[in-house]
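# Summary of the model geometry
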Amino acid sequence: MPFDETIPTSTLISILYREHAKYLNEKVKNEDLSFGLQPILITIYENEGIIQEQLAEKFHLNESTITRNLKKLEEKGFIERIPDKRKKIIKITKKGAKTARKVMDYDDKWDENIKSNLNDEDYTIFKTTLIKICEDLIWTKLSKT
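Residues numbered from 1 in each chain as written. Predicted model: local features only at pLDDT ≥ 70, side-chain atom pairs only at ≥ 80, totals over all residues. Heavy atoms only, no water.

### Some points on the pairing of strand 2 (residues 87-92)
Spelled out, the test is: What makes two strands pair is DSSP finding at least two bridges between them. The helix and strand labels rest on DSSP assignments: H or I over at least four residues marks a helix, E over at least two residues marks a strand, and numbering proceeds from the N terminus.
Pairing analysis gives 6 bridges linking strand 1 (residues 79-84) to strand 2, with the strands arranged antiparallel. Residue pairing in the sheet places Asp84 in a bridge with Lys87 of strand 2.

Structure (structure tokens):
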């Protein structure tokens, strides 16, 4: 069924999000890693030694949510948390690094699929627009608090 201009943007964003989640969950189903934990694992992989507060800030989540997610990642053997004074430094394990690379490869393939339906200029506009919307929403929210 084709989409039309009357569909709210929130519905379209939701469809993309759910389809991406289904795609990645299918690709890494043997890794015991849920879709919600994947971005956190990748961020830890790309930022070795990151601390919990930085993750909360990056994902715009409260620290208790990050704590729960880190506990899950640690229990599954993807990360380890190393106490350092009053904070915990988060390190990726070999298992976590291997899984993060797999997820990143599949994310790249997802993006390639999106790019295959757009020319380079349209893809750049699409991504730039998404970034602008996210930043505007975040800055608007922050300025009201």
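### Some details on unusual backbone geometry
In plain terms, the rule: Relative accessible area decides the class of each residue, using a 1.4 Å probe on protein chains only: under 20% of the type maximum gives buried, over 50% gives exposed, and in between gives partly exposed.
One non-glycine residue, His60, adopts positive backbone phi at about 55°. Inspection of the secondary structure assignment puts His60 in the loop between helix 3 (52-59) and helix 4 (63-75). By relative accessible area, which is 47% here, His60 ends up partly exposed. With a phi close to 60°, Lys85 is a non-glycine residue in the positive phi region. Residue placement: Lys85 occurs in the loop between strand 1 and strand 2. A relative accessible area of 83% means that Lys85 is categorised as exposed.

### Looking at helix 3
To be explicit about the condition: Throughout, the arc means the angular range of directions from the helix axis out to the C-beta atoms. Residues are treated as being in contact if the distance between any of their heavy atoms lies within 4.5 Å.
Along helix 3, the positions that sit buried rather than exposed are Gln52, Leu55 and Ala56. Projected down its long axis, helix 3 shows its buried positions confined to an angular sector of 100°, all on one face. Structurally, helix 3 contributes buried residues whose contacts are with helix 2 (38-46), helix 4, strand 1 and strand 2. Following helix 3 by one or two positions, His60 adopts a phi angle in the positive range, close to 55°.

### Concerning the pattern of salt bridges
Going by this rule: For this analysis, a salt bridge means a side-chain nitrogen from Lys or Arg found within 4 Å of a carboxyl oxygen belonging to Asp or Glu.
All chains considered together, the criterion is met by 8 salt bridges. Of the charged contacts in the structure, one is a salt bridge between Lys76 and Asp32, with a shortest N-O distance of 3.0 Å. A residue pair is termed long-range when its members are at least 10 positions apart, and Lys76 in the loop between helix 4 and strand 1 and Asp32 in the loop between helix 1 (9-27) and helix 2 qualify at 44 residues. Since its relative accessible area comes to 25%, Lys76 is described here as partly exposed. Residue classification places Asp32 among the partly exposed residues on the basis of a relative accessible area of 45%.

### Quick look at the layout of surface pockets
Let me state the cut-off plainly: Buriedness of a pocket was judged along seven lines, with at least five required to meet protein on both sides within 12 Å; pockets are open sets of points on a 1 Å grid over the protein atoms alone, cavities are sets where a 1.4 Å probe fits but cannot get out, and lining residues have an atom within 4 Å of a point. Grid points are joined across faces, edges and corners, and a volume is the space filled by probe spheres set on the points. Under the scheme applied, nonpolar residues are Ala, Val, Leu, Ile, Met, Phe, Trp, Tyr, Cys and Pro; charged residues are Asp, Glu, Lys and Arg; polar residues are all the others, including Gly.
Looking at the largest pocket, its volume works out to about 1900 Å³. What lines the largest pocket is a set of 36 residues, among which Ile13, Tyr17, His20, Leu130 and Cys134 lie closest to the centre. Of all the elements in the fold, those that place two or more residues in the lining of the largest pocket are helix 1, helix 2, helix 3, helix 5 (94-116) and helix 6 (120-144). The greatest single-element share of the lining of the largest pocket, amounting to 9 residues, is contributed by helix 6. Partitioned by chemical class, the residues of the lining of the largest pocket number 24 nonpolar, 7 polar and 5 charged.

### Quick notes on the environment of Asn47
For Asn47, the location among the structural elements is in the loop between helix 2 and helix 3. Overall, Asn47 belongs to the partly exposed group, its relative accessible area being 36%. Placed 44 residues apart in sequence, Asn47 and Lys91 show a C-alpha to C-alpha distance of 8.8 Å.

### Regarding the side chain of His20
For His20, the position within the fold is in helix 1. The class of His20 is buried, set by a relative accessible area of 16%. Filtering out sequence-adjacent residues up to four positions away, His20 remains in contact with Phe35, Asp107 and Trp110.

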